[in-house]
Structure formats: structure tokens, C-alpha cells
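# Structure assessment
The residues making up each chain are set out below.
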Amino acid sequence: MTTAATSANKSSRGRAWSRGILAGPVCFIVSALVMAGAALWYPEGPAHINNIAVPIALFPAIWAVLFFYLMLDKKLGRAWTVALVLLAVHTGLIGHHFYEVEAAKKSQAAAVQAEPAK
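What this report covers is the structure whose coordinates are included nearby. (Residues numbered from 1 in each chain as written. Predicted model: local features only at pLDDT ≥ 70, side-chain atom pairs only at ≥ 80, totals over all residues. Heavy atoms only, no water.)

### As for the packing of aromatic side chains
- Scanning the entire structure with this criterion turns up three aromatic pairs.
- Here Trp63 and Phe67 contribute two aromatic rings whose centre-to-centre distance is 5.0 Å and whose plane-to-plane angle is 15°, an arrangement assigned as stacked. Here Phe67 and Trp63 lie together in helix α2 (residues 50–72), a separation of four residues that amounts to about one turn.
- Judged by relative accessible area, which is 30%, Trp63 ranks as partly exposed.
- Judged by relative accessible area, which is 22%, Phe67 ranks as partly exposed.
- Here Phe67 and Phe68 contribute two aromatic rings whose centre-to-centre distance is 5.4 Å and whose plane-to-plane angle is 75°, an arrangement assigned as edge-to-face.
- By the ring-pair criterion, three or more aromatic residues cluster together here, those being Trp63, Phe67 and Phe68. (Phe/Tyr/Trp six-rings, centres within 6.5 Å; stacked < 30°, edge-to-face > 60°. Helix = DSSP H or I, 4+ residues; strand = E, 2+ residues; numbered from the N terminus. Buried < 20%, exposed > 50% of the residue type's maximum accessible area, 1.4 Å probe, protein only.)

Quick look at the structure:
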């Protein structure tokens with residue numbers, strides 16, 4: 001076997017491993033973060049639970065769409081980019097939400113301490 005054929009075989013094997021990791025654990029983690037982040041950008045319904053219940057119910061669809069996209073995209077780099085952008089955006093969205101909640105708690109605690117005792 002020539003060295004060109006050997007290097008092409010190693011490259012093909014590396015692409016297969018990369019695609020498998022991308023469509024396996026990376027896809028699941030990104031889908032879970034999209035589901036968690038959807039609770040923040042999905043509008044609340046009249047009962048104030050739609051933004052929680054709908055993303056949970058749609059998790060299999062989120063996972064399936066992302067899985068098939070990551071498996072079938074011809075450009076592996078673009079598939080990684082899409083997955084990492086979704087991961088970064090939803091991680092940032094969730095982190096920003098937690099930061100706002102903590103800031104509101106600290107502000108409320110400061111307001112309670114500043115209030116004179118009756």
C-alpha cells in the first residue's frame with residue numbers, strides 16, 4: 001500500500017471519528033442546552049408553564065433535527081461551527097439569565113437592609 005493511500009485512509013478514519021463524536025455526545029449536549037435555553041426565549045402562555053413544558057416536549061425533535069443535520073452535512077467544519085455556535089449562544093443565554101437573577105437577589109437584599117425597622 002502506498003503512503004498516499006495510507007494517509008487518505010487515516011484522514012477518512014479521523015473524519016469518521018470526528019463525525020461520530022459530533023453527532024453523538026456533542027449533539028446530545030447541544031440539544032439539552034437548546035432545550036434549557038428555550039425556556040428563556042420561548043414565550044410564556046396563559047398558565048405560565050408553556051415556556052417550560054414545550055421545550056421539554058420538543059426535546060426529541062430538537063435532538064433529531066440537530067442529529068440529522070450534523071450527520072448529513074457535507075462540510076464537517078460547518079457542522080462543527082453550527083454545533084459550537086448553538087452551544088455558545090445558549091450557554092451565554094443561560095449564564096446571562098443566572099447573572100440577572102443573582103443581581104436581582106442582591107439588589108433586593110440591599111433594599112431590605114436599607115429599609116428602616118418599624
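### Side note on the packing of α2 against helix α3 (residues 76–114)
- The contact between α2 and α3 brings their axes to 8 Å, and the two run at 150°. Classified by the angle their axes make, α2 and α3 are roughly antiparallel. Judged by the twist between their axes, the crossing of α2 over α3 is left-handed. Along the contact surface, α2 presents Leu66, Tyr69 and Leu70, while α3 presents Arg78, Ala79, Val82, Ala83 and Leu86.
- For the contact of α2 with α3, a count of residues per class yields seven nonpolar, no polar and one charged. (Axes fitted to C-alpha atoms, helices over the stretch in contact; angles between N-to-C directions. Parallel < 35°, antiparallel > 145°, perpendicular 65-115°, else oblique. Left-handed = near helix turned anticlockwise from the far one by under 90°. Contact = heavy atoms within 4.5 Å. Nonpolar A, V, L, I, M, F, W, Y, C, P; charged D, E, K, R; others polar.)

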